[in-house]
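# An overview of the molecular structure
Letter by letter, the chains look like this.
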Amino acid sequence: MSNETKTHPSAKAPQKTVLNLGNLPPKLKPSDMKQSASQYPRTPSRVNPNQPPWPAYRGYHEYSFAHATMGVRLPTILGKAIDDVWKTLNQEYDEERIVDLVNCIHRLEDLMGDLQGNSKLRPIIDDGAGDVALWNKEIAKFFRGKDFMNAPWLFAEAYKYRRLRECFSLSKYWVDYDVFFRQKCDTFSRSNQAVFELSQRFAEPHKHEGNISAEAQLEKNKLLFLELTQVCLWGNSTDLSLLIDMTEEDIKKLQSTGGDHLAATEKNILGNDLHKLADYVMTIKNGRIDFVLDNAGFELYCDLVYADWLIQSGTCSQVIFHGKKIPWFVSDVTKKDWDWILNSCVYGQLFQDASDAEVESLRTLGHRWKQYEKEGKWKYEAHPFWCTGYTFWDLHSEAPDLFQHLSESDLVIFKGDLNHRKLTYDCHAPLDTPFNQAIGPLASEAGAPPVASLRTIKSDVVVGIPSGVGEKLDDEEPGWKISGKYAVVLLSQGRKGETPVYNN
Ligand code: F6P
Ligand code: MG
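If you check an unreviewed UniProt entry, the chain appears there as Sugar phosphate phosphatase from Kwoniella mangroviensis CBS 10435. Quoted verbatim from the Function (unreviewed entry) field of the UniProt record, the comment on the chain reads "Metal-dependent phosphatase that shows phosphatase activity against several substrates, including fructose-1-phosphate and fructose-6-phosphate. Its preference for fructose-1-phosphate, a strong glycating agent that causes DNA damage rather than a canonical yeast metabolite, suggests a damage-control function in hexose phosphate metabolism." Checking UniProt for the chain, the heading Sequence similarities (unreviewed entry) contains the comment "Belongs to the damage-control phosphatase family. Sugar phosphate phosphatase III subfamily."

### A closer look at the sheet that holds strand E3 (residues 316-322)
The strand order across the open sheet formed by seven strands is E1-E7-E6-E5-E2-E3-E4, and the pairing between neighbours is mixed. Each edge of the open sheet carries a strand with a single partner, namely strand E1 (269-272) and strand E4 (378-381). On average, adjacent strands in this sheet sit at an angle of 15° to one another, irrespective of strand direction. Pairing analysis gives four bridges linking E3 to E4, with the strands arranged parallel. Within E4, the position partnered with histidine 322 by the bridge is glutamate 381. Across the sheet, helix H17 (residues 416-423) lies against strand E2 (287-292), strand E5 (411-415) and strand E6 (451-456), angled at about 130° from E6, the strand it touches most.

### Concerning the nonpolar core
Formed by 128 residues in total, the largest nonpolar core has its most connected members in Tyr301, Val305, Tyr306, Val319, Ile413, Ala452 and Val489. Here this core takes 11 residues from helix H12 (residues 298-312), the largest share from any one element. When residues of this core are sorted by domain, at least three fall in each of domain 1 (9-169) and domain 2 (183-492). Sequence-distant contacts of tyrosine 306, defined by excluding residues within four places in its chain, comprise Leu228, Val231 and Cys232.

Basis of the calculations
- Residues numbered from 1 in each chain as written.
- Chains lettered and ligands numbered in written order.
- Predicted model: local features only at pLDDT ≥ 70, side-chain atom pairs only at ≥ 80, totals over all residues.
- UniProt positions renumbered as here; feature names shortened; annotations may be inferred.
- Pairing = 2+ DSSP bridges.
- Helix = DSSP H or I, 4+ residues; strand = E, 2+ residues; numbered from the N terminus.
- Axes fitted to C-alpha atoms, helices over the stretch in contact; angles between N-to-C directions.
- Contact = placed C-beta atoms within 7 Å.
- Core = buried A, V, L, I, M, F, W, Y, C linked by C-beta atoms within 7 Å.
- Buried ≥ 20, exposed ≤ 12 C-beta atoms within 10 Å, placed from the backbone.
- Domains from an automatic or database assignment.

Printed below as a string of structure tokens:
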């Protein structure tokens, strides 16, 4: 078999995963569940990472997406990662570097063994990185003796990505290696249709028209904002961790950005604060908006088109983008992905059949975006807190510097599914829980900024939708919570302007 075709056995979805579930609590009967419902939501003093306000999703909950992810998706993702490293190894010539990389592969195999054997969550080995203390404190305080399947899904999944990092951070030559980089670049270059549709529409600088009234201009801006917000939202439906089995056609359908298409998709926004958000954003002049980014490639490109408009329309004088410090949940943006997309727009030849006009429009955007970066209008930041197992309920207490920084923003836009899970503590809250209640301290602490979540629904937790809607979908469309077909755009006003208070 050639090296090109040899794949790690786990890179294919296993038929059946055999898990060691010996440490699990007994299954609850429906009658027990009713009784326990009165305990929720937990009072804030009883909430901690192992006890969210509502019951956590855990890998052993067979009915949940957590189960499929822990048992099948994560081993598949890890198997593909190992294949990627072999690809790199086969192209290396220096023995010291090869041996160093072989040791990374051994650590990856150990991680695979731990995951498939449902091992206990051990502390992260001190690799000198600044986040080790935060990880190990959380493990020691809340997850001692817990394993991959009985720890809350969110923590167990995040932990797996930190362990993946450890496989490389303990090496000499491969500390910054990103096993997902090839895939991330690849999907962007397969998104040509939607990429050029947007570049050709937005390459020309936005004009304020002198001949229309201020009111008409505002109305125009608002319509454009509504449209771009949807582009930015649906850009999230194509994340790599779910695209494993999608065809090129499927991807194109998801990425279609036409106006009619957007009108039709608005009805799939189940919790819809889009218009409230637009009314609020129209009041911001020369302000600052922050994006807590999700995925690289096409989604990031949509975010940049959106942020470009925020600058050009005079809404913002600065946009701050928050990315990840380490490769995270397959497709999340790192600094390398950020640099890659800006440079590819300007210098790349990614799209084989592109016309000169198409390539030129992309170059124009790329040049303008790099200029924003030079002038400080756009800033890329990567706080280590974003790659911890903590949810954003703990942002104020575990990363007060970051809370302080965000409290100075006029709006913080959280993109995507994982950010939404972290905002809402990834737990079994009722579907109609108001968003500002579901995000806890990030709405209620003094100084909390206005927060918007633009999320296509790809996992179990759903809040902020009118009662009845989810129940109907449960009956009619099982799987609606993981298909990426539905979305929410939710807004919390926060307590901007109040001075944040921190305990020592
Ligand atoms: O692995 C599960 C998960 O976190 C899901 O929540 C989601 O399907 C995916 O990974 C990440 O999605 P996103 O890139 O939108 O955060
Ligand atoms: Mg992601």
